[in-house]
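# Coordinate analysis (summary)
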Amino acid sequence: MTAAVSVRELMHQPPVVARPQMSAPELARLLDGAKVGAAAVLDPDDRVIGIVTERDLLRALGTGLDPATPVETLMSPSPVTLTADNPVAIALEIFRQHHFRHLPVLERGRLVGMLSIRHIVRVAHIEDVRPAGSAPTVAPPGLEGVAVAETAVGDVRGEEGFFHYRGYDATELARRCSFEQVWHLLLIGELPDQAQLAAFRERARVARELAPEVSDLLQPLTRVEPFAPLSALRTALSLVASSLGLRPTLDSTREEVMDAALRLTAVAPVVLLRQYRAHRGDPPADADPDLGYAAAYLQLLTGRRPEPEAARALEQYLILTMDHGFNASTFTARVIASTGADVGAAVIGALGALSGPLHGGAPSRALDTLDTIGTPDRAEQVLRDQIEHGDRLMGFGHRVYKTDDPRSTLLREVALRLGGDQAEFARQVEATALRVLQDLKPGRRLYTNVEFYAGVVMNTVGVPRDMFTPTFACSRLAGWTAAVCEQAQHNRLIRPSAIYVGPPAPRPLPPGYTAA
Ligand code: ACO
């Protein structure tokens, strides 16, 4: 049906226009004011000579943009254009092939509009909502490319190597903010001021306290063998959630849902690390009340007040992994929340989704590869052998990012800042791996992903390998619960359809087949 729609019906008009000599800050204001992601650049005769996007600005900012830079040096010249009468199917094909996100639309050679991929996605999304009972016609494997909800929590833009939380660049948040500030942003929707932050920290600190009777109930769980920290967290957090007497989100106020979200996110590290230490035979450790989330995490793990540098490094990792678009566990949490279930049920379901190796299951594998390599001189041979045997290099490649994963870029910095032989070794192995991938897998656009340096950072600050995924789970709770609150606030039961591919129905039962 989308194919029958013309570009004219979907394009944004009037289009936003920039001039070649306009400065970068002027352009930023223009795009911001018009709330669009791209402008067409016109010459003095109003002919389209280029297109300039937010992405171009971001890239330029990343390389230390001179504010005087004119638009003509940022723009993509001679852009591919559409005509207003083109069917949307043509536009879709161009978007797909070239990975563009915006296309100028012309009529008799004059600019009349701008078509964004978002315009098409929105229509495809609306068209897919059929009346109950009518038969769906497509089911893309893994729902790839299907928009299943609207969200204001955040987004991932894989082609640009950019992801954000509520519009703020997540890597900038990780560079400049504390865990609690970003957590507040995700949960409440705004960055807190000083007073709001102090109140939020205090609520989180109080929520870390586990009632003694609940602690006692958790004890036997630590004797389960084999002990798997993530399963232990899932089981124990379920128990804690029950003890909080959470009400179904359907029957709760917005504040009650947010309160449950805050409590579960705050208490998860306590539950996880108490279990972990108890299983190892270590006495329970408490966190000093003045410590923030990340430093408290390390004290709960080791029993010692951490060095500020270690706590800050972990904090940056935790901020970078709080949320990442509509991933499988976030979707799971939202589906459960859409039934009106309580926040605990949604979070426990999300933990189950995260436990699969295709999602959060194995961030220690990249570190295992470093161990296998052992010394820099062996890197080339080991990595070549792995690829030639059909194996994948752990910590490289990503389904969404087809350029540098912004999390890996910052974590590389964090690892090198922490210092140590392993970080330096990892850097050498990374350089070799990228060269080998370029050589043996040309054109596949394989870059370092979050896992490569995440392992190095966590290892350096003292998080054991079997705690990598559970640590990730703790930070992701902030994202899951923000998504749950959003779902609860604008809820509609998520109930998609499937395409039946079994034997034609109805089938007659075999003659004489009766109850046995
Ligand atoms: N090493 C070697 N080759 C690779 C790698 C890799 N890490 N990743 C992809 N390729 C190759 C594939 O072999 C394939 O080559 P071919 O065209 O010769 O068959 C090509 O690149 C495309 O592979 P796809 O499977 O289509 O890529 P996809 O985007 O689906 O894969 C994935 C993404 C699963 C992350 C993949 O890159 C991978 O397995 N990486 C290693 C494991 C890893 O680091 N996982 C953590 C990801 S980060 C996260 O999810 C939080």
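Residues numbered from 1 in each chain as written. Predicted model: local features only at pLDDT ≥ 70, side-chain atom pairs only at ≥ 80, totals over all residues. Heavy atoms only, no water.

## Here's the deal with the overall build of the protein
The number of helices and strands found in the protein is 22 helices and 10 strands. Considered along the principal axes of its C-alpha atoms, the protein spans approximately 75 × 75 × 55 Å. Within the protein, buried positions represent 47% of all 516 residues. Taking all contacts inside the protein whose residues are at least 6 apart in sequence as the whole, residues at least 24 apart take part in 70%. Carbon and sulfur atoms provide 54% of the accessible area of the protein, an area that totals close to 25,600 Å². Within the protein, one finds 53 positive and 60 negative side-chain charges whose respective centroids are separated by 3 Å. (Helix = DSSP H or I, 4+ residues; strand = E, 2+ residues; numbered from the N terminus. Buried < 20%, exposed > 50% of the residue type's maximum accessible area, 1.4 Å probe, protein only. Contact = heavy atoms within 4.5 Å. Areas by Shrake-Rupley, 256 points an atom, 1.4 Å probe, with all protein chains shown as cover. Lys, Arg positive; Asp, Glu negative; His and termini not counted. Charge placed at Lys NZ, Arg CZ, Asp CG, Glu CD.)

## Concerning the domain arrangement of the protein
Assigned domains within the protein: domain 1 (7–123) and domain 2 (154–494). A C-alpha centroid distance of 36 Å is found between domain 1 and domain 2. Domain 1 puts six residues into the contact, and the matching count from domain 2 is six residues. With both chains or domains summed, domain 1 and domain 2 bury close to 570 Å², and 48% of this area falls on carbon and sulfur atoms. The salt bridge involving arginine 101 is made with glutamate 160; its shortest N-O contact spans 3.8 Å. No other element matches helix 3 (residues 54–62), which puts three residues into the side of domain 1 that touches domain 2. (Domains from an automatic or database assignment. Buried area = accessible area lost by both parts, 1.4 Å probe. Salt bridge = Lys/Arg side-chain N within 4 Å of Asp/Glu carboxyl O.)

## Observations regarding helix 19 (residues 406–418)
Here helix 19 is 13 residues long and its end C-alpha atoms lie 19 Å apart, about the 18 Å a rise of 1.5 Å per residue gives. Residues Pro406, Arg407, Ser408, Leu410, Leu411, Val414 and Ala415 constitute the buried set of helix 19. Residues of helix 19 that are buried in the fold lie against strand 9 (162–165), helix 7 (170–176), helix 14 (308–320), helix 20 (421–440) and helix 21 (450–461). Capping of helix 19 at its N-terminal end is provided by aspartate 405; its side-chain oxygen lies 2.9 Å from the backbone amide nitrogen of arginine 407. Among the residues trailing helix 19, glycine 419 stands out with phi positive, at a value near 80°. (Expected span 1.5 Å × (residues − 1). Polar contact = N/O pair within 3.5 Å; in protein donor to acceptor, adjacent residues only side chain to side chain.)

## Side note on the packing of aromatic side chains
All chains considered together, the criterion is met by eight aromatic pairs. For the pair tryptophan 183 and phenylalanine 200, a centre-to-centre distance of 5.1 Å together with 80° between the ring planes defines the contact as edge-to-face. You can see tryptophan 183 sitting in helix 8 (residues 179–188) and its partner phenylalanine 200 sitting in helix 9 (residues 194–207), a full 17 residues away along the chain. For the pair tryptophan 183 and phenylalanine 200, a shared accessibility class is recorded, and that class is buried. (Phe/Tyr/Trp six-rings, centres within 6.5 Å; stacked < 30°, edge-to-face > 60°.)

## Digging into the site of the ligand
Residues in close proximity to the ligand total 17 residues, the closest being Leu393, Gly395, Phe396, Lys441 and Arg444. Arginine 444 is positioned with one of its side-chain polar atoms (N or O) 2.8 Å from an oxygen atom of the ligand. (Near = heavy atom within 4 Å.)

## Examining the environment of glutamine 489
Relative to the elements of secondary structure, glutamine 489 occurs in helix 22 (residues 468–489). Residues glutamine 489 and aspartate 377, 112 residues apart in the sequence, show an inter-C-alpha distance of 56 Å. Within the local environment of glutamine 489, its side chain forms a polar contact with the side chain of arginine 254, the two groups lying 3.4 Å apart.

## Concerning the packing of helix 18 (residues 376–388) against helix 20
Running from amino to carboxyl end, helix 18 crosses helix 20 at an angle of 40°, the nearest separation of the two axes being 9 Å. Classified by the interaxial angle, the pair formed by helix 18 and helix 20 is oblique. Where helix 18 crosses over helix 20, the handedness of that crossing is right-handed. Side by side, helix 18 and helix 20 meet where Pro376, Ala379, Glu380, Leu383, Arg384, Ile387 and Glu388 of the first sit next to Phe425, Gln428, Val429, Thr432, Ala433, Arg435, Val436, Leu437, Asp439 and Leu440 of the second. Broken down by class, the residue content of the contact of helix 18 with helix 20 amounts to 10 nonpolar, two polar and five charged. (Axes fitted to C-alpha atoms, helices over the stretch in contact; angles between N-to-C directions. Parallel < 35°, antiparallel > 145°, perpendicular 65-115°, else oblique. Left-handed = near helix turned anticlockwise from the far one by under 90°. Nonpolar A, V, L, I, M, F, W, Y, C, P; charged D, E, K, R; others polar.)

## Describing the sheet that holds strand 8 (residues 154–157)
Taken in spatial order, the three strands make up an open sheet running 8-9-10, and their pairing is antiparallel. With partners counted over all chains shown, the strands left at the sheet margins are strand 8 and strand 10 (168–169), one partner each. (Pairing = 2+ DSSP bridges.)

## Considerations on helix 21
Its 12 residues give helix 21 an end-to-end C-alpha distance of 17 Å, which sits within 8% of 16 Å, the value for a rise of 1.5 Å per residue. Within helix 21, 10 of the 12 residues are buried, which leaves it mostly tucked inside the rest of the structure. Val450, Glu451, Phe452, Tyr453, Ala454, Gly455, Val456, Val457, Met458 and Val461 are the residues of helix 21 that are buried. Along its buried surface, helix 21 packs onto helix 13 (293–302), helix 14, helix 17 (365–373), helix 19, helix 20 and helix 22. The opening residue of helix 21 is asparagine 449, an N-cap whose side-chain oxygen sits 2.9 Å from the backbone nitrogen of glutamate 451. Of the residues flanking the end of helix 21, it is glycine 462, one or two places downstream, whose phi is positive at about 100°.

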